[in-house]
Amino acid sequence: MVLLFALKFFILFSIFPLWGNSNQMLQEANASYQQGETTSTFQERKQAFNRALYLYTLVDRDKGFQTPALQQAIADTYFQLGEYAWAILYYQRALKMGSQNSALLSDLEKAQQKLGLSMKPSASNIH
């Protein structure tokens, strides 16, 4: 499983060049995410969300772009890919950065439910 995940990132890395501009990568990631929501086949959906995830994580490496909104976008993408534990991690990162919107809290709860967890986020859970 880990090898397959690493292979996918290697393939994505070789297919999609590293853009020098984080804004451009963010726009491309958002476009891929939206494409994933509207595709008609499972394979197209998975491909679009994996591309979005790859680009979001590249942008996340740029310290100037690490925002709650980016953390939530990464979490949402992991959720769409069925990677609920990773989604929870990034939802928690967004919370830690100060985002407390109701959509974020609702999405975090949905991810936790997918894994059979019933924790509610609280100040004591955020480190």
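Before any of the text, the structure's been laid out above.
Let us look at the structure shown here. (Residues numbered from 1 in each chain as written. Predicted model: local features only at pLDDT ≥ 70, side-chain atom pairs only at ≥ 80, totals over all residues. Heavy atoms only, no water.)

## Re the overall build of the chain
What counts here: Labels follow the DSSP assignment, with helices taken as runs of H or I lasting at least four residues and strands as runs of E lasting at least two, numbered in each case from the N terminus. Throughout this description, buried means an accessible area under 20% of the type-specific maximum (1.4 Å probe, protein chains only), exposed means over 50%, and partly exposed covers the range between. Any two residues whose heavy atoms approach within 4.5 Å at even a single point are treated as in contact. Method for areas: the Shrake-Rupley scheme with a 1.4 Å probe, in which residue coverage is limited to the protein chains shown.
Across its full length, the chain carries 6 helices and 0 strands. N-terminal to C-terminal, the α/β element order of the chain is α-α-α-α-α-α. Put simply, the chain has 127 residues, and 35% of those count as buried. Long-range pairs, those at least 24 residues apart, make up 57% of the contacts in the chain with a sequence separation of at least 6. If you sum the accessible surface of the chain, you get close to 7600 Å²; carbon and sulfur atoms cover 58% of it.

## A few points about the packing of helix 4 (residues 68–80) against helix 6 (residues 102–114)
The cut-off we apply is this: Simply put, an axis is a line fit to the C-alpha atoms, just over the touching stretch for a helix, and the angle between two N-to-C directions goes from 0 to 180 degrees. Each helix crossing is assigned a hand: it is left-handed if the near helix lies turned anticlockwise from the far helix by less than a right angle, otherwise right-handed if that turn is clockwise. Three categories are distinguished: nonpolar for Ala, Val, Leu, Ile, Met, Phe, Trp, Tyr, Cys and Pro, charged for Asp, Glu, Lys and Arg, and polar for the others, with Gly belonging to the last.
Between helix 4 and helix 6, whose axes approach to 11 Å, the crossing angle comes to 35°. Where helix 4 crosses over helix 6, the handedness of that crossing is left-handed. Counting all contacts with helix 4, which are made through Q72, D76 and F79, the residues of helix 6 involved are A103, L104, D107, K110, A111 and K114. For the contact of helix 4 with helix 6, the per-class residue count stands at 4 nonpolar, 1 polar and 4 charged.

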